[in-house]
Amino acid sequence: GMLYVGNTVQLKDEDIHLIQSVADAFSTAYARYEDFNKLEAAKQQVDKTLVELKQAQTQLVQSEKMASLGELTAGIAHEIQNPLNFVNNFSEVSTELLDEMITELEKGNQEDAVAIADAVKQNLEKILHHGKRADGIVKGMLQHSRSSTAVKEPTDINKLADEYLRLAYHGLRAKDKSFNVTLKTDFDESISNINVIPQDIGRAVLNLITNAFYVVGEKRKQATGSYEPTVSVSTRKAGDKIEIRVADNGNGIPQKVLDKIFQPFFTTKPTGQ
């Protein structure tokens, strides 16, 4: 652009100097204005990119949740099969006992019939116990697959940690029959139910356990001696806090990796793992 100044008489040197200063100030101001427009456009591009990154991160988090749920599926099947076997077996035994009780009643042996009835009652209590166990496993997995509601609820931390440890182990065993690891637990029984968001705590514990299984599995492939892969989960009450520990006897974490472990999606695992 151009800044034009005219007058009816010739301008003096000081007038020209003043006008030159005004022109320089205008030029600088206009340059800053253009810079501002460029910055505003850049800011809008950065904001758009940030939104896209957040959307991508949300999709990745959901993918991770679904991937971990998929890994647990085989473990769930194994864990549910155990209580269902108990339910089936006790049901069959109870049917046979009821037949015996009818026979004893027909013979007039009331005491024997009462004893059999007590046995049937005990079996029914066991059926109820194992039915509730299977129900708890299913509810836990449904909770794991749901998005977090951010609502805290009374949760048995010991039970949650133990369940995820066994589900993760059986899930890995279903994929690799040669995978074996010694599981150790040390739970502080003085811990009562505490208010947490169970699906969030569960995922955190599951990730730690899965990583522990991965690293002891890798070390076992490299080990030549009598290496025994071991993963342990423990809880303890420390004042007004609860501590959950997941430990393994793998190769450990190098310092350069330790500095990065809280970066989102950081991993040392190969692509696809």
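In this report, we go over the structure that sits alongside the text. Here the structure is a predicted model, which means the values were calculated and not measured. Note on numbering: residues in each chain are counted from 1, in written sequence order. The model is predicted, so local features are restricted to residues of pLDDT at least 70 and side-chain atom pairs to those at 80 or more, both for listing and for counting; the totals for chains, interfaces and linings are taken over all residues. Calculation of side-chain values draws on the structure's entire complement of heavy atoms; hydrogens and water are dropped beforehand.

1. Things to note about the overall build of the protein chain
Logical step 1: Comment: elements are numbered from the N terminus, with helices defined as DSSP H or I runs of at least four residues and strands as E runs of at least two. Of regular secondary structure, the protein chain possesses five helices and five strands.
Logical step 2: Mapped from its N terminus to its C terminus, the protein chain presents α and β elements in the order α-α-β-α-β-β-α-β-β-α.
Logical step 3: For the exposure calls, accessible area comes from a 1.4 Å probe over protein chains only, and a residue counts as buried if that area is under 20% of its type's maximum, exposed if over 50%, partly exposed in between. For the protein chain, with 273 residues in total, the buried portion stands at 23%.
Logical step 4: Of the contacts made within the protein chain by residues no fewer than 6 positions apart, 74% connect residues no fewer than 24 positions apart.
Logical step 5: The protein chains shown are the only cover counted for residues, whose accessible areas, like all others here, come from Shrake-Rupley with a 1.4 Å probe. Accessible area for the protein chain stands at about 19,000 Å²; split by element, carbon and sulfur atoms hold 55% of it. The contact definition used throughout considers only heavy atoms, calling two residues in contact when any of these lie within 4.5 Å.

2. A few points about a nonpolar patch on the surface
Logical step 1: Here a patch means residues that are over 30% exposed by relative accessible area and free of salt bridges, tied together within 9 Å if like-charged and within 5 Å if nonpolar (Val, Leu, Ile, Met, Phe, Trp, Tyr). Counted as salt bridges are all cases of a side-chain nitrogen of Lys or Arg within 4 Å of a carboxyl oxygen of Asp or Glu. Nonpolar side chains collect at one region of the surface, where Leu3, Val5, Leu18, Val22, Phe26, Tyr30 and Tyr33 lie side by side and expose about 700 Å² of accessible area between them.
Logical step 2: Tracing the chain through its elements places tyrosine 30 in helix α1 (residues 13-107).

3. Considering helix α4 (residues 198-222)
Logical step 1: Between its first and last C-alpha, α4 extends 36 Å over 25 residues, near the 36 Å set by a 1.5 Å rise per residue.
Logical step 2: Residues of α4 that are buried include every one of Pro198, Gln199, Gly202, Arg203, Val205, Leu206, Ile209, Ala212, Phe213, Val216 and Gly217, and no others. An expected span of 1.5 Å times one less than the residue number is assigned to each helix.

4. Points about the pairing of strand β4 (residues 230-238)
Logical step 1: As paired strands, strand β2 (residues 182-186) and β4 are joined by five bridges and run parallel to one another. When the sheet's bridge partners are listed, threonine 185 is paired in β4 with valine 233.
Logical step 2: Strand pairing requires that DSSP identify at least two bridges connecting the strands. Relative to strand β5 (residues 241-248), β4 is paired through eight bridges, and the arrangement is antiparallel. Bridged to valine 233 within β5 is valine 246.
Logical step 3: With antiparallel pairing between neighbouring strands as the criterion, β4 and β5 make up a hairpin whose turn holds two residues, including glycine 239 at a positive phi of roughly 70°.

5. Description of the environment of valine 181
Logical step 1: With respect to the helices and strands, valine 181 occurs in the loop between α3 (157-175) and β2.
Logical step 2: In sequence terms valine 181 and proline 229 are 48 residues apart; their C-alpha atoms lie 5.0 Å from each other.
Logical step 3: Residue contacts for valine 181: discarding those within four places in its chain leaves Tyr169, Phe213, Val216, Pro229, Thr230 and Val231.

6. Details of the packing of α3 against α4
Logical step 1: The angle between two axes is taken between their N-to-C directions and runs from 0 to 180 degrees, where each axis is a line fitted to C-alpha atoms and a helix contributes only its stretch in contact. The interhelical angle for the contact between α3 and α4, taken along N-to-C directions, is 45°, at an axis separation of 9 Å. Classified by the angle their axes make, α3 and α4 are oblique. Once α3 is placed against α4, the crossing between them reads as right-handed. The residues of α4 that touch α3, namely those facing Ile157, Leu160, Ala161, Tyr164, Leu165, Ala168, Tyr169 and Leu172, are Pro198, Ile201, Gly202, Val205, Leu206, Ile209 and Phe213.
Logical step 2: Among the residues forming the contact of α3 with α4, the class breakdown is 14 nonpolar, one polar and no charged. Working rule for angles: under 35 degrees goes down as roughly parallel, over 145 as roughly antiparallel, 65 to 115 as roughly perpendicular, anything else as oblique. Two helices cross in a left-handed way if the nearer one is turned anticlockwise from the farther one by less than a right angle. They cross in a right-handed way if the turn is clockwise. When residues are grouped by polarity, Ala, Val, Leu, Ile, Met, Phe, Trp, Tyr, Cys and Pro land in nonpolar, Asp, Glu, Lys and Arg in charged, and all others, Gly among them, in polar.

7. With respect to the pattern of salt bridges
Logical step 1: Applying the stated criterion across every chain, the model contains eight salt bridges.
Logical step 2: In this structure, lysine 43 and aspartate 47 form a salt bridge, with 3.1 Å as the shortest nitrogen-oxygen distance. Residue lysine 43 and its partner aspartate 47 are located together in helix α1, separated by four residues, close to a single helical turn.
Logical step 3: What makes aspartate 47 partly exposed here is its relative accessible area of 35%.
Logical step 4: Close ionic contact of arginine 203 with aspartate 200 constitutes a salt bridge, the shortest N to O distance being 3.7 Å. Here aspartate 200 and arginine 203 lie together in helix α4, a separation of three residues that amounts to about one turn.
Logical step 5: Taking relative accessible area as the criterion, arginine 203 reaches 9% and is therefore assigned buried.
Logical step 6: One network of salt bridges, in which partners are shared, links Arg236, Glu243 and Arg245.

8. Some words on the packing of aromatic side chains
Logical step 1: Two rings from Phe, Tyr or Trp (for Trp, the six-membered ring) form a pair when their centres sit within 6.5 Å of each other. Planes less than 30 degrees apart are called stacked, planes more than 60 degrees apart edge-to-face, and all others tilted. A complete count under the given rule lists six aromatic pairs for this structure.
Logical step 2: Relative to phenylalanine 213, the ring of phenylalanine 179 has its centre 5.7 Å away and its plane inclined at 75°; by these criteria the two rings are edge-to-face. One end of the pair, phenylalanine 179, is in the loop between α3 and β2; the other, phenylalanine 213, is in helix α4, and 34 residues separate them in sequence.
Logical step 3: Take phenylalanine 179: its relative accessible area is 6%, and that puts it in the buried class.

9. Some points on a negative patch on the surface
Logical step 1: Residues Glu92, Glu96, Asp99 and Glu100 make up a contiguous surface patch of negative charge.
Logical step 2: With respect to the secondary-structure elements, glutamate 100 resides in helix α1.
Logical step 3: On the basis of relative accessibility, which here comes to 43%, the residue glutamate 100 falls in the partly exposed class. Positive: Lys, Arg. Negative: Asp, Glu. His and the chain ends are not part of the count. By convention, the charge on Lys lies at NZ, on Arg at CZ, on Asp at CG and on Glu at CD.

10. What about the sheet that holds β4?
Within a sheet, each strand pairs with its neighbour through backbone hydrogen bonds, oriented either parallel or antiparallel.
Logical step 1: Taken in spatial order, the three strands of this open sheet run β2-β4-β5, and their pairing is mixed. Of all strands in the sheet, those bounded by a partner on one side alone are β2 and β5. Strand after strand, the sheet turns through a mean of 10° between neighbouring axes, direction not considered.
Logical step 2: Sitting on the sheet, α3 touches β2, β4 and β5, and the angle it makes with β2 is about 175°.

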